[in-house]
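One letter stands for each residue in the lines below.
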Amino acid sequence: MAGVFRQLCLLILTPACYDEFFVEFNFLHVPCLKAALSKGLGLAIVGGAILVKVPQILKIVGARSGQGISIIGTILELLAIGFNVSYSFVNRYPFSSYGDGVFLLIQTAIIGALVFFYGGSAKKGILFFITVLSTITFLCSGSVSLKILWMLQASNIPIVFAGKMVQAVANYKNGSTGQLSAITVTMLFFGSAARIFTSIQETGDQIIILTYMVATVANGTLLAQLIYYWNVKPKGKKD
């Protein structure tokens, strides 16, 4: 039983921190507390990411429309997520520090495909999804040098901001947030904010930390728009 408990604890704690807590009984060891909080928070974010965009997908399918979803913004978001996942994977960072990106990538690709599908082009939707998966597989294969991956990760800063701002401008022009899901946007905002802390603790990579800071500001902008346009119906809908 003690062995099982230790193995479960080691999902979050390092062996040294396990000894610090459960051998020395020093539960106030600050570095280990911060590391445990970061790892636990990172795993929680990864777990939450499994379903984070499902409300958005269901909303599009339910309405049989991708109205209000910017395909350009979606593509930019996919580039940002893909660059981050491939850069972190090749650097062999802990899965808890970037695993949410894997699930976000798949779900965002589905959203993009659905926008094409309900826009009247099923073939484009299928091709879009296959292209996304093929590209991320290539980037993670080791065929791309780490220097180039670093440059792609650095480019995430303007890409993340531009992608969200394209959606924000579309919301402003439409006078509503369309089929944008409040649940998804809220979870993305708090997730990116939490990622600032976990990235500091688990990777210390300044370019990743800065990327999540920008993402938090951008996600916060969309969240503010959702609140502002809360009672506004998408164009074309009648009571």
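The structure under discussion appears in the preceding block.
Computed from a predicted model, the values in this text were never measured in an experiment.

K.L.:
If you had to explain the overall build of the chain to someone new, which residues and values would you point to?
P.N.:
Of regular secondary structure, the chain possesses eleven helices and zero strands. Over its C-alpha trace the chain gives a radius of gyration of 20 Å, about what one expects of a compact globule, namely 18 Å for 239 residues. Its C-alpha atoms give the chain principal-axis dimensions of roughly 65 × 45 × 35 Å. By residue count, 44% of the 239 residues in the chain fall in the buried class. Residue pairs in contact within the chain that sit at least 24 positions apart in sequence constitute 78% of those at least 6 positions apart. Positive and negative side-chain charges of the chain, numbering 17 and 8 respectively, have mean locations separated by a distance of 20 Å.

K.L.:
Could you give me a rundown of the packing of helix α8 (residues 146–154) against helix α9 (residues 156–174), with the residues and numbers involved?
P.N.:
Running from N to C, α8 and α9 cross one another at 35°; their axes reach a closest spacing of 5 Å. Seen from α8, the contacting residues are Leu152, Gln153 and Ala154; seen from α9, they are Asn156, Ile157 and Pro158. Partitioning the contact of α8 with α9 into residue classes produces four nonpolar, two polar and no charged.

K.L.:
Pulling in residues and values, what's your account of the nonpolar core?
P.N.:
Formed by 30 residues in total, the largest nonpolar core has its most connected members in Leu78, Tyr87, Leu105, Val132 and Ile208. Look past the residues within four positions of Tyr87 in its chain and what remains in contact with it is Tyr93, Leu146, Leu149, Trp150, Gln153, Asp205, Ile207 and Ile208. Within the second largest apolar cluster, twelve residues are counted, among which are Ile69, Val115, Ala168 and Val185.

K.L.:
Which residues make up the state of the cysteines, and what values do they have?
P.N.:
Summed over all chains, the structure comprises one disulfide. The disulfide partner of Cys17 is Cys32, and the S-S distance across this bridge is 2.1 Å. A torsion of -85° about the S-S bond marks the disulfide between Cys17 and Cys32 as left-handed. Taken together, the positions of Cys17 in helix α2 (residues 15–22) and Cys32 in helix α3 (residues 30–49) put the pair 15 residues apart, joining distant regions of the chain. With no disulfide partner, Cys9 has as its closest neighbouring cysteine sulfur the one in Cys17, 11 Å distant.

K.L.:
Talk me through α2; I want residue IDs and the actual numbers.
P.N.:
Regarding α2, the residues found buried are Cys17, Tyr18 and Phe21. In a view along the axis of α2, the buried residues occupy a sector of 105°, so they form one face of it. Tucked into the core, α2 has its buried residues touching α1 (2–9) and α3.

K.L.:
Quick rundown of helix α5 (residues 71–90)? Include the residues and the values.
P.N.:
Taking 1.5 Å of rise per residue, 20 residues should cover 28 Å, and α5 covers 28 Å from first to last C-alpha, within 8% of that figure. Buried residues dominate α5, accounting for 14 of its 20 residues. At the exit of α5 stands Arg92, carrying a positive phi of roughly 60°.

K.L.:
Any details on the side chain of Gln167? Residues and values, ideally.
P.N.:
With respect to the helices and strands, the residue Gln167 is situated in helix α9. Residue Gln167 is classed as buried on the basis of its relative accessible area of 7%. At a separation of 3.1 Å, a polar atom in the side chain of Gln167 contacts the main-chain amide nitrogen of Ser70. In contact with Gln167, other than residues within four places in its own chain, are Gly68, Ile69, Ser70, Leu180 and Leu222.

K.L.:
Give me the lowdown on the packing of α3 against helix α6 (residues 99–118), citing residues and values where you can.
P.N.:
Look at α3 against α6: their axes get within 8 Å of each other, and the N-to-C directions meet at 15°. As the angle between them shows, α3 and α6 are arranged roughly parallel. Two packed elements cross with a definite hand, and for α3 against α6 that hand is left-handed. Between α3 and α6, the contacting residues are Ile45, Val46 and Ala49 on the first element and Gly99, Asp100, Phe103 and Gln107 on the second. Residue composition of the contact of α3 with α6, by class: four nonpolar, two polar and one charged.

K.L.:
Explain the pattern of salt bridges to me, using residue names and the numbers behind them.
P.N.:
This model, assessed by the stated rule, comprises four salt bridges. One salt bridge in this structure joins Asp100 and Arg195, with 2.8 Å as the shortest N-O distance. You can see Asp100 sitting in helix α6 and its partner Arg195 sitting in helix α10 (residues 182–202), a full 95 residues away along the chain. Because the salt bridges share partners, they merge into one network encompassing Lys53, Glu77 and Lys164.

What counts and what doesn't
Residues numbered from 1 in each chain as written. Predicted model: local features only at pLDDT ≥ 70, side-chain atom pairs only at ≥ 80, totals over all residues. Heavy atoms only, no water. Helix = DSSP H or I, 4+ residues; strand = E, 2+ residues; numbered from the N terminus. Rg over C-alpha atoms; globule rule 2.2 N^0.38 Å. Buried < 20%, exposed > 50% of the residue type's maximum accessible area, 1.4 Å probe, protein only. Contact = heavy atoms within 4.5 Å. Lys, Arg positive; Asp, Glu negative; His and termini not counted. Charge placed at Lys NZ, Arg CZ, Asp CG, Glu CD. Axes fitted to C-alpha atoms, helices over the stretch in contact; angles between N-to-C directions. Nonpolar A, V, L, I, M, F, W, Y, C, P; charged D, E, K, R; others polar. Core = buried A, V, L, I, M, F, W, Y, C linked by side-chain atoms within 4.5 Å. Disulfide = S-S within 2.5 Å. Arc of directions from axis to C-beta. Expected span 1.5 Å × (residues − 1). Polar contact = N/O pair within 3.5 Å; in protein donor to acceptor, adjacent residues only side chain to side chain. Parallel < 35°, antiparallel > 145°, perpendicular 65-115°, else oblique. Left-handed = near helix turned anticlockwise from the far one by under 90°. Salt bridge = Lys/Arg side-chain N within 4 Å of Asp/Glu carboxyl O.

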